[in-house]
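What follows is each chain in one-letter form.
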Amino acid sequence: MLQRKVKKVIALALACLVFSAAAAVFLYAWYAPKKYTGQVLSHARENGLEEELVFAVIRAESNFDKDALSRAGAVGLMQLLPSTADFIAALNKGGITDLYDAEQNIAAGCLYLRYLFERFGGVEEVLAAYNAGEGRVRVWLSDTRYSEDGKTLLHIPIEETRAYVKKVKKFYKCYKILYF
């Protein structure tokens, strides 16, 4: 009789464990989805970027809504301003005509991230520049209140940008852990 009860308890515990694992996987997939995988992988590799970072930027910027449009006029999955896309297109001899097109938006966003990495190097500085603009980050890096070495930000003075960097880094970490 005792053996049956122990077996039932063990079976129930295993069922709970399997259910919990399945629920966790479902929640993680909901929290950190990998949509547009082909485009992200292709353009991330092409630009020497970690795919997890690109997914994290898309998740933070548009939550994978290719038709997203911000109040500031940023467009598509990676929420690029048309002026930024024009700048990137000029550097790369065109090819960006429709920011609502997932392929073109991801291509432009990855090109822009690579451009920012070439200028700043660190993930935090790149994400701050992606959100607040390259010029602002250069000003912060030249100010000893925000940077001791002119290369690394110790503090981001704009709350929105500080929150954005934190958010993207949180998603980035999730993608790295979930999809190792």
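Residues numbered from 1 in each chain as written. Predicted model: local features only at pLDDT ≥ 70, side-chain atom pairs only at ≥ 80, totals over all residues. Heavy atoms only, no water.

What should I look at first to understand the packing of helix H5 (residues 102-120) against helix H6 (residues 123-132) in this one?
In a pair of packed helices, the angle between the axes and the distance between the axes together describe the arrangement. For the pair H5 and H6, the least separation of the axes is 9 Å and the interaxial angle reads 125°. The pairing of H5 with H6 is recorded here as oblique in orientation. Here the hand of the crossing between H5 and H6 comes out right-handed. Residues Gly109, Tyr112, Leu113, Leu116, Phe117 and Phe120 of H5 form the contact with H6, whose own contacting residues are Val123, Glu125, Val126, Ala129 and Tyr130. (Axes fitted to C-alpha atoms, helices over the stretch in contact; angles between N-to-C directions. Helix = DSSP H or I, 4+ residues; strand = E, 2+ residues; numbered from the N terminus. Parallel < 35°, antiparallel > 145°, perpendicular 65-115°, else oblique. Left-handed = near helix turned anticlockwise from the far one by under 90°. Contact = heavy atoms within 4.5 Å.)

Would you explain the nonpolar core in this entry?
Most often, soluble globular proteins keep nonpolar side chains buried together rather than apart. If you look at the biggest cluster of nonpolar residues, it comprises 50 residues, and the most contacted ones within it are Val54, Met78 and Tyr130. Mapped by element, the contributors of at least two residues to this core are helix H2 (37-46), helix H3 (51-61), helix H4 (82-91), H5, H6, helix H7 (134-141) and helix H8 (159-178). Beyond its immediate chain neighbours, meaning those up to four positions away, Met78 contacts Val54, Val57, Ile58, Glu61, Asn105, Ile106, Gly109, Cys110, Leu113 and Tyr130. (Core = buried A, V, L, I, M, F, W, Y, C linked by side-chain atoms within 4.5 Å. Buried < 20%, exposed > 50% of the residue type's maximum accessible area, 1.4 Å probe, protein only.)

Looking at this structure, I do not really get unusual backbone geometry. What am I missing?
Despite not being glycine, Tyr36 shows a phi value in the positive range, around 55°. Along the chain, Tyr36 falls in the loop between helix H1 (2-31) and H2. Positive phi outside glycine occurs at Asn63, with the angle close to 55°. Mapped onto the secondary structure, Asn63 falls in the loop between H3 and H4. Relative accessible area serves as the criterion here: at 45%, Asn63 is assigned to the partly exposed category.

Explanation requested: the layout of surface pockets in the structure shown.
It is the rolling of a water-molecule-sized probe over the atoms that shows where space remains empty. Taken as a whole, the largest pocket holds about 570 Å³ of empty space. What lines the largest pocket is a set of 22 residues, among which Glu61, Ala72, Ala74, Asn131 and Glu160 lie closest to the centre. Where the lining of the largest pocket is concerned, the elements lending two or more residues are H3, H6 and H8. Looking at the lining of the largest pocket, its residues break down into 11 nonpolar, six polar and five charged. (1 Å grid on protein atoms, 1.4 Å probe; cavity = no way out; pocket = protein on both sides within 12 Å on 5 of 7 lines; lining within 4 Å. Points joined across faces, edges and corners; volume = space filled by probe spheres on them. Nonpolar A, V, L, I, M, F, W, Y, C, P; charged D, E, K, R; others polar.)

Where do I start with the packing of H2 against H3 in this structure?
Their axes nearest at 9 Å, the elements H2 and H3 cross at an angle of 125°. Relative to H3, the element H2 is oriented oblique. Along this stretch, H2 crosses H3, giving a crossing that reads as right-handed. Of H3, the residues touching H2 (which contributes Thr37, Val40, Leu41 and Ala44) are Glu51, Val54, Phe55 and Ile58.

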